[in-house]
Each structure stands twice: as C-alpha cells, then as structure tokens.
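Chain by chain, the residues run as shown.
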Amino acid sequence: MLKIIIPTIMLIPLTWLSKNSMIWINTTTHSLVITLISLPLLNQFNDNSLNLSTMYFSDSLSTPLLMLTMWLLPLMIIASQFHLIKESPTRKKLYITMLISLQIFLVMTFTATELIMFYILFEATLVPTLIIITRWGGQTERLNAGLYFLFYTLVGSLPLLIALIHLQNSTGSLNMLLAQYWSEPLKTSWSDTILWLACMMAFMVKMPLYGLHLWLPKAHVEAPIAGSMVLAAILLKLGGYGMLRITTMLTPITSFMAYPFLMLSLWGMIMTSSICLRQTDLKSLIAYSSVSHMALVIVAVLIQTPWSFMGATALMIAHGLTSSMLFCLANSNYERTHSRTMILARGLQTMLPLMAAWWLLASLTNLALPPSINLIGELFVVMSTFSWSSISIILMGINIVITALYSLYMLIMTQRGKQTHHINNLPPSYTRENTLMTMHLLPLLLLSINPKIILGTLY
Amino acid sequence: MSAWRLRVKLRSATGLLVSTRPTQRHTSPYGPLTLCRSLSTGSHLRNEFFKDLEAQLAAFRKKAADALPGSSWSPLQINPNLPPERADIVIVGGGVLGWSIAYWLKQKEMVRGGVRVLVVEKDPTEHLGVLNEDPVDLQFNQSGYLFLASEEVAHIMEENYSTQRYAGAKVSLLSPTQLKQKFPWLNTDGVVLASYGLENEGWFDPWTLLNAFRRKAISMGVIQCCGEVTDFKYTTDVLRTASGDTVDLKRIGSVKVQMPNSLEYQPVECAIVVNAAGAFSGKLTEMLGIGSGPKDSIAGIPLPVEPRKRYVYVVHCPDGPGLDSPFLIDYSGVYFRREGLGGNYIAGVSPEEAEEPDTSNLEVDYQFFEEKVWPCLAHRVPAFEKLKVTSAWAGFYDYNTFDQNGIIGIHPLINNMYLATGFSGHGLQHSPAVGRAVAELILDGNFKTIDLSNFSFRRILTQEPMLEINIV
C-alpha cells in the first residue's frame, strides 16, 4: 500500500514546485498514473484479503472503493480548473493540496487494518473538506454549511471512539481481520445496546440516515465542484464501508437493534425522493437524490444478507460515479449561466448537444436503467429486502418510481423545452468538460460488463 | 475586608433578585448570598462582566484586524445593508415597474424560492413604506379623462375613438355644445371635439400601487437593496457575421452595487439583469458599451432613453370646476385634474423640445408655471384665473427620444439584460401589464398573456418608430 500512499504524498511537493503554467497538467497526469498503480489490487486471489502489511490490507470490499477514490482525484482536479482561474497561483496550489491531502487520508482509511487508525483518518478527512467548503464555496451560507457538516459528523463519531477503545480493552485488538473471528456475541443488555449504537451512529450520520441528513444538502450545495464531487462520491461511502466492516463485530443484536434505522431509511428514501421533485436548485436536487440512494445502502447493510451486501457495495460504487457526474454536469451549467436555478436555463439540448448526451446518460444511470451497475445494486437490495419482509416491496417500488420521476424531471427541465432568451450565446462545451464526463461514464458503463469486481466480499 | 466584600455581594445579589420577576423568588438553602444569578433568561439579567467581556473581545478583534496585514476576508458579515453575494435576477430600479416585475416573477415561480430576486434602488427616500395589513385601496377616482381636440387633430381623435370602442373602452365623443352642457365651467373656445371616458377611467394613487407591489414582493421573498449600480462585470464573446464584421456579444457576470454615501460596494453575481432604471436606463447601458461602437453598427445605437424633467404643480382654487371635473387634457398639452376634495388641483404641461429644463437637479421652476401653464389653464377654465400655487414637485420621465413608447425585451448585444424602460410618463399605467410580460419572458421564454413583441428593441435598430397619437 505504500506504493500508493507515498506517491500520493509526493503529489504535494509536485504541486508546490510546479511552474505556474504546469500546475494543472502535472497534478492531473500524475494522479492518473497513480490510479494505475491501484489496478493490481484487483487481483484478489482468495476469499480472504490481500494483506500487504500489518497496517494496510485490501479485500474485495475496499478495493473498488479505493479505486473509485483514486480515479476521482484527477477528475476533481480537471473539474476545478475553471472556477479557480482568477485565483493567485498560491491559492490554486493550496486548493490542490487540500484535495491531495484528502486523497491521502481516504486511501489510508479504506485500507486501514486497525480500527483506531480507520477512525483517526475518518475524522481527518473532515478537515480538508471543511477547508474546501468554507474557503472556496460560493456564498455566505457556506459557513453555516461547514458548521453543520463538521459538528454532525463529530458528534456522531465521538461515541465511536469510546466504543473502539472499549473494544480494544475487552478483546485486546482492533485489527479488523481478527475482530471478525475474535469478537464475542453481544448480549441484550443496556451496555451492549449502547455499544451497538455508539459503533453505528458515526456511520449513520455519514451515510446519511434520513433523520440526520440535514448537513448533506447544505454541504453539497455550498461546496465548490471538487468538494461536491468528493463528498457525494467518496465521503458518503466511508459511512457505508465502516458499517459493513463493523457489523461483523456487532452480532446478534443487530437483528432487533436495526429496526428503527431500517424504518427511518425505508421511509426516508421516499421522503427525500419526493423532496427532489420540488427542488428548484439543481445541486440541491442531486444532493437529496444522494440521500435517497444512500438510504437504500443503509437498508441493505442492516438486513445483513449475502445478496444485500453485494447490492450495497455495487450501489456504492455506481452511485459514486453517477452522483459525481451529475454534479459535474450541474457545474458546467452553473459556469455558463451563473445560476443554479433550473428554470432559468432550459432547452440546452439545442445549444449544447453533446452535453445533452451526457445529461441523458447520467440521468438514465441515476434512475437505475438496466444494464447499468446502478440497477444491479438496486435490484439486489430490493430483492433481499423483499425476502426480509414482503411489505417493503411497496415502499421500494414507490421509491424506484419517484427516482425515475425526478431524474427525468431534471433532464427535461434543463435539456428540453423552449430555450430561455438569455442563454442564446453560451460558450460551447470545452474538451475538458467532455473528457470529464467521459471519464465518469466509461467505468460506469464498462463495469456493467463485468460487475463481479464491485460485488464485494460475498460474491 | 472580607466583610466589605460580603456586603457588596449581598447588595448586588439583592439588586439582581429585586430586578427579576417579582412573582417568583428563588431561594437556595444557603440564603440569597450564594445565588447571584436567577434562572430566567432575560437579557437584562446578563452579568456586567460578560457584557464588558464581549465589548472587549470585539475591540480586540478590531484591533487585531487593523494591525495585521492580509486579506480582508472575514467570516462575519460587516454591513447588513449589503446585497447578497448572489442572486438569480437583479432588477435595477425600484420604481413601480421594477417592483411590478419582481412581484410577477415571484407570482409565476411554481415553487417557493424558485428564483432569487434582488431589487436595487438608488434613492429609497420616496419608497419607504409602513407595513399595514389593510387591503390595498388605490383610491381610484373614476372621474375619467377628457381630451380636447382642436380643428387640426380632430380626425386623429375620431380614429382613436373607433379603435378604443373596438377594444371595448367606454368612451364617448362630445361636441362643443354637449361639452358646455356637461361641464359649464369649461370654455369651449377652439375646441372642435372632445373624448370623454365614461367608465373605468380615472386616476389612482401611484404611491399606494408601488407600495402594494413592494410589500407583496418582499413578503414573497424578494430581497431589497438600497444602492446604486455603478459597474458590470461581463464576458465578451466576439462573433463574426457572414460579411466578416465582428460583433461583440456580452454576458453580464456580476453587478457592482455601491452603497449610498460610502465607498463600500458589493458585487452581486447574477444570471439575469432587468433594466428598469427608468430615467437612468440609458446611463446603465452605457456602462456596458452600448452606444459607443462605430456609428453604422448595432453597438453604435445607444438606448434612446434619457431623463426629462417634468414639473407638477398643486394649485388651490376654491371656485374651481368641482367634484365632477375629469382629468382634462387640452390640445395644447396643458392638463389638470382634481386632487382630493378640498378644491386642490394638479396641473402641468410637457415643455417644448427646445425648452427642456435642466435635468441635473429636481428643483421646480415656478416661472414655467406663470408663463406656460397658467395662461392656458385660465383660458380653458375661466375660474382658474384666481388660483394659488400651494406646492410643486419635479420628477424625471424616462423619456424615449425615439418614439416615446416603452422598450420591452432583451437587448440584442447583451445576452442577459432585459429592458423594461422608456415609457415616457406612462410607466405607471403600464406597470402591472409590463411586469407580467417581463416575468413571462424570463420564466416562460415568450409572452403568454399579451404579445408585446412590438415593443422590442428591434424597432430601434430598424428605425421604425411606433408612435402613439395624442399623448400627454
């Protein structure tokens, strides 16, 4: 794993020592090359994990997420080029440094063996994200957004620290690989119940669970494009990854402890999907759609069946790519019209046809069109939830319909219809933007040919 | 020493206790001494110490900011009067048209909070209002308009009459004898024909209308800002026509709003700018370079709106025409109407082209009344020979020098500036309709209720005036 981490750390001197004209080129190409280094990790030769050292390991759950993280860094850098044009070179380098340090923490988080190291890096990812949101965000509301983001996550994860220290004391080790074999079943006592809650709440806030999701629309809307991309694509998945790892140690009380969260998620995904139908702000719509998709993942992780775990991991990767792509598309709109309101920029298909093609594909994957991996994830989750309880099919069905509704609503509102008068002279799509969309779409579409890579440990 | 301290504490403690709610007394088992703070959360209970601390902290922060060099970035909002950093639609001009457009934009958005609208007004002294809950009473006086026509313009009046009847307006044509019967105080000398509005015609209180639009718009979420738009930040796209000439298309990125009497400004990033600046719309478009191109190109045609000063005089004449007097407009251009019920009248006239008053200030010229208005008034209504000017004011018409009619629509060279100006004194009566039309243009993409495409900027480019006959 050091072969990934050290080059990523060295990206920082690369940024600071580059010539001003070469900042973007250097960082983009080098981060792309580092992505290639992570490809060999896909060669998982047994059902266990690839233990690279005592501190780092990778298995078929963390590898897709790790690759998604690394793939996203060049994309984030490409997407940020436009809105940083007017900044001084030092500020640009600082921004890229924030992105790179976030990347370092994320790489280490997804491959950490020790749960305490996972926790420390989980918290450490908050710092660069907060800096990106509050310093480079668009409006004054970004301060409020940063506050919500920081404190929701901190308050949720402090109990996790205490729980982890207690587990270290009682079992002697927090090594994730050993913990699945060494952990004792939890009893139905108060202390074990609270231990369960303490372990899970941090990830519930991060996912986010429906009742604790207030930070997400704020943070996603106020963050600059790279911030939105990394938030939607990776940071939410940290919660899912953490839940998937820690539920192995929390049996068997999960069977009844999970009920409140299951109910909240099942109801919450319909609620947030419905809110999407009434949104006027494009980024806000995509943010709420993230909550809705992640609610599916929460349901899948909590019912703990093999198919649901497969669905959860597939959905996480698929949603990461789709959501990030939607944010990039919304940003391309914003850069041209200086407004995130949907009704003010309509009928873009006639003006920017290629961008309309990307919009179409992104919306179609967002509504889980077959044969994309979004569908695989959602289908697995729906089927396993149905086997867990027959009535949930009604809720899941309603959610799928409403997801299709708002995805198409977003597509039709921005692309079709009569154009508004004030967009009759937009700059055409830059090659950079088209590259960005292609790089999002290519993995998404190619993975539908071989989805077993992303189906996680239980495939 | 300690006894003194105890006594001081006791005094402050009882002082605090006395100043709290008199109904409830908090007593602790150790007596009132130890309970220096009660449990209520009123602000007057805050300890002096904390108040001082806050003041000192603010002073320290200020001192640190002054001492340290560096960026002016501060997470605290310094001036609450500044407009927001971003708005979707910025309406420049908070007159009746501007607020009408704001109101209709909010009315037409399908979801609450759909579009973020900001209205920037330079001079709010006329637009301060008091919120009240009564339904809006525009004080519409239905006394009708009475246009008088001389020999030369009588045929125009007849044409207008047939147009108006066709459109459904209840107007009637009167001969001089009928006029004399109806309005005995009128001197029908030189009058050949008169047009009198019978129903639904009259005048209302413009101040009330403006305030009604404004209050409603603000209640629906429009942000108001008192400031002046001094600059635009725009991006230029240079296109080439078929014949090889270059055309610069501009897109406004942000509007610089300057605070009144201060150097402070706020750039407001926006998607659309609506130019409802009235008399100063021409100046606004000049900031974008309209009118400063080569003479034979589109960029060389300025927006033909300039301020024209008009005087309005309030006169008192106890023996005047009385309560049934309409808004009378003579063929010479002199007009008067009744104001209130106390024998007051409002009168004025549009000056000749050659005698336009100076537009650098809003001072009233009473000499103008003596020379131009009074003789005609006295000739037309003999009772007005004895009148007294009680007060007067001056205002600017957003005078369209091209054809004195409004310009509505997008400017061809600026991608996101909508024009709604140049109504030359008719802005008030057009305001609800134009507001709705511009809101439809912005949100729906084209006119829906009434097609006002004849009012677009195109006619100025093709130099085809759309004149209205018989205007005041």
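Residues numbered from 1 in each chain as written. Chains lettered and ligands numbered in written order. Predicted model: local features only at pLDDT ≥ 70, side-chain atom pairs only at ≥ 80, totals over all residues. Heavy atoms only, no water.

- An unreviewed UniProt entry lists chain B under the name FAD-dependent oxidoreductase domain-containing protein 1, with Acanthochromis polyacanthus given as the organism.
- Regarding chain B, the relevant UniProt record gives this comment under Cofactor (unreviewed entry): "FAD".
- For the record of chain B, the UniProt heading Function (unreviewed entry) holds the text "Required for the assembly of the mitochondrial membrane respiratory chain NADH dehydrogenase (Complex I). Involved in mid-late stages of complex I assembly." (UniProt positions renumbered as here; feature names shortened; annotations may be inferred.)

- As annotated in an unreviewed UniProt entry, chain A carries the name NADH-ubiquinone oxidoreductase chain 4 and is attributed to Acanthochromis polyacanthus.
- Checking UniProt for chain A, the heading Function (unreviewed entry) contains the comment "Core subunit of the mitochondrial membrane respiratory chain NADH dehydrogenase (Complex I) which catalyzes electron transfer from NADH through the respiratory chain, using ubiquinone as an electron acceptor. Essential for the catalytic activity and assembly of complex I."
- Per UniProt, the comment on chain A under Catalytic activity (unreviewed entry) is "a ubiquinone + NADH + 5 H(+)(in) = a ubiquinol + NAD(+) + 4 H(+)(out)".

## Brief notes about the overall build of chain A
Now for step 1: What chain A contains, in helices and strands, is 20 helices and 2 strands.
Now for step 2: Whereas a compact globule of 459 residues would reach a radius of gyration of roughly 23 Å, chain A reaches 21 Å, a difference of no more than 12%.
Now for step 3: With the C-alpha coordinates of chain A rotated into their principal frame, the extents come out at 65 × 55 × 40 Å.
Now for step 4: Taken across its 459 residues, chain A has 62% of its residues classed as buried. (Helix = DSSP H or I, 4+ residues; strand = E, 2+ residues; numbered from the N terminus. Rg over C-alpha atoms; globule rule 2.2 N^0.38 Å. Buried < 20%, exposed > 50% of the residue type's maximum accessible area, 1.4 Å probe, protein only.)

## Thoughts on the overall build of chain B
Now for step 1: Along chain B, the regular secondary structure elements total 10 helices and 17 strands.
Now for step 2: Taken across its 472 residues, chain B has 42% of its residues classed as buried.
Now for step 3: When the accessible surface of chain B is totalled, it reaches about 25600 Å², and 55% of it is carbon and sulfur. (Areas by Shrake-Rupley, 256 points an atom, 1.4 Å probe, with all protein chains shown as cover.)

## Regarding helix α11 (residues 225–246) of chain A
Residues and elements named next belong to chain A.
Now for step 1: Taking 1.5 Å of rise per residue, 22 residues should cover 32 Å, and α11 covers 31 Å from first to last C-alpha, within 8% of that figure.
Now for step 2: In α11, a bend of some 40° at Leu231 exceeds every other bend along the element.
Now for step 3: With respect to burial, α11 is a largely interior element, 22 of its 22 residues being buried. (Expected span 1.5 Å × (residues − 1). Bend = angle between axes of the 7 residues up to and from the residue.)

## Section: the interface of chain A and chain B
Now for step 1: Taken together, the contact pairs 28 residues of chain A with 31 residues of chain B.
Now for step 2: Carbon and sulfur atoms supply 49% of the area buried between chain A and chain B, which totals about 2500 Å² over both sides.
Now for step 3: Counting every contact that joins chain A to chain B gives 0 salt bridges.
Now for step 4: Where chain A packs against chain B, one counts 12 residue pairs in polar contact (both at pLDDT 80 or more). (Contact = heavy atoms within 4.5 Å. Buried area = accessible area lost by both parts, 1.4 Å probe. Salt bridge = Lys/Arg side-chain N within 4 Å of Asp/Glu carboxyl O. Polar contact = N/O pair within 3.5 Å; in protein donor to acceptor, adjacent residues only side chain to side chain.)

## Quick look at the domain arrangement of chain B
Note on interface size: it is often stated as the accessible area lost on association of the parts.
Now for step 1: Looking at the assigned domains, one finds that chain B contains domain 1 (86–131 + 207–304 + 402–462) and domain 2 (150–202 + 309–396).
Now for step 2: Using only C-alpha atoms to locate each centre, domain 1 of chain B and domain 2 of chain B end up separated by 33 Å. (Domains from an automatic or database assignment.)

## Comments concerning the packing of helix α3 (residues 62–80) of chain A against helix α15 (residues 306–337) of chain A
All names here are of chain A.
Now for step 1: Orientation of α3 relative to α15, taken along the N-to-C sense of each, is 10°, at an axis distance of 10 Å. The angle between α3 and α15 places the two elements in the roughly parallel class. Residues Pro64, Leu65, Leu68, Trp71, Leu72 and Ala79 of α3 form the contact with α15, whose participating residues are Met316, Ile317, Gly320, Leu321, Ser324, Cys328, Asn331 and Glu335.
Now for step 2: Here the contact of α3 with α15 is composed, by residue class, of 10 nonpolar, 3 polar and 1 charged. (Axes fitted to C-alpha atoms, helices over the stretch in contact; angles between N-to-C directions. Parallel < 35°, antiparallel > 145°, perpendicular 65-115°, else oblique. Nonpolar A, V, L, I, M, F, W, Y, C, P; charged D, E, K, R; others polar.)

## Description of the sheet that holds strand β7 (residues 228–240) of chain B
Strand pairing in a sheet relies on backbone hydrogen bonds, with the paired strands running either antiparallel or parallel.
All names here are of chain B.
Now for step 1: An order of β7-β8-β9 is seen for the 3 strands of this open sheet, with the pairing classed as antiparallel. A single partner strand is all that each edge strand has here, and the edge strands are β7 and β9 (265–269). Here the strands of the sheet are splayed against their neighbours by 35° on average, with no regard to which way each runs.
Now for step 2: Relative to strand β8 (residues 246–258), β7 is paired through 12 bridges, and the arrangement is antiparallel. Across the sheet, Asp237 pairs through a bridge with Leu249, a residue of β8. (Pairing = 2+ DSSP bridges.)

## Quick word on the nonpolar core
Now for step 1: Residues Ile91 and Ile442 of chain B are the most contacted members of the largest nonpolar core, which totals 193 residues.
Now for step 2: Ranked by residue count, the leading element in this core is helix α14 (residues 282–303) of chain A, at 16 residues.
Now for step 3: Of all hydrophobic cores here, the second largest spans 31 residues; its members include Leu82, Val90, Val229 and Leu419 of chain B. (Core = buried A, V, L, I, M, F, W, Y, C linked by side-chain atoms within 4.5 Å.)

## Side note on the packing of aromatic side chains
Residue and element names in this part refer to chain A.
Now for step 1: A full pass over the atoms with the stated rule returns 29 aromatic pairs over all chains.
Now for step 2: Ring geometry for Tyr95 against Trp136: centres 4.8 Å apart, planes inclined by 75°, an arrangement best described as edge-to-face. With Tyr95 in helix α4 (residues 89–111) and Trp136 in helix α6 (residues 126–136), this residue pair connects regions lying 41 residues apart in the sequence. As far as burial versus exposure is concerned, Tyr95 and Trp136 are alike and both buried. (Phe/Tyr/Trp six-rings, centres within 6.5 Å; stacked < 30°, edge-to-face > 60°.)

## Regarding the side chain of Thr134 of chain A
Now for step 1: By secondary structure assignment, the location of Thr134 of chain A is in helix α6.
Now for step 2: From its side chain, Thr134 of chain A meets the backbone oxygen of Leu130 of chain A in a polar contact 2.7 Å long.

## Focus on a nonpolar patch on the surface
Residues and elements named next belong to chain A.
Now for step 1: On the surface, a nonpolar cluster with roughly 460 Å² of combined accessible area is contributed by Phe386, Ile391, Ile393, Ile394 and Ile398.
Now for step 2: Among the elements that line the nonpolar patch, the one with the most residues is helix α19 (residues 392–415), at 3 residues.
Now for step 3: Its place among the elements puts Ile394 in helix α19. (Patch = residues over 30% accessible without salt bridge, like charges linked within 9 Å, V, L, I, M, F, W, Y side chains within 5 Å.)

## Regarding the sheet that holds strand β4 (residues 171–174) of chain B
Residues and elements named next belong to chain B.
Now for step 1: Here 8 strands make up an open sheet; going across it, the order is β4-β5-β3-β12-β13-β14-β11-β15 and the pairing mixed. Each having just a single partner strand, β4 and β15 (388–400) make up the two edges of the open sheet. The sheet shows a mean angle of 20° between the axes of neighbouring strands, taken without regard to direction.
Now for step 2: In this sheet, strand β14 (residues 344–348) lies alongside strand β13 (residues 335–339) in antiparallel orientation, the contact comprising 5 bridges. When the bridges of β14 are listed, Arg338 appears paired with Tyr345.
Now for step 3: The sheet contacts of helix α4 (residues 154–167) involve β3 (145–149), β4 and β5 (193–197), and relative to β4 the element is tilted by about 155°.
Now for step 4: Here helix α8 (residues 366–380) sits on the sheet in contact with β3, β11 (305–316), β12 (327–329), β13, β14 and β15, set at roughly 60° to β11.

## Regarding the state of the cysteines
All names here are of chain B.
Now for step 1: Under the definition given, this model contains 0 disulfides over all chains.
Now for step 2: No disulfide involves Cys317; its nearest neighbouring cysteine sulfur is the one of Cys376, lying 16 Å away.
Now for step 3: Judged by its relative accessible area of 1%, Cys317 falls in the buried class. (Disulfide = S-S within 2.5 Å.)

## Describing α4 of chain B
All names here are of chain B.
Now for step 1: With 14 residues, α4 should reach 20 Å at 1.5 Å per residue; the first-to-last C-alpha distance of 20 Å fits that figure.
Now for step 2: Within α4 the residues assigned to the buried category are Ala154, Ile156, Met157 and Asn160. In a view along the axis of α4, the buried residues occupy a sector of 145°, so they form one face of it.
Now for step 3: Of the surrounding secondary structure, the elements contacted by the buried residues of α4 are β3, β4 and β5.
Now for step 4: One or two positions beyond α4, positive phi appears at Gly168, with a value near 100°. (Arc of directions from axis to C-beta.)

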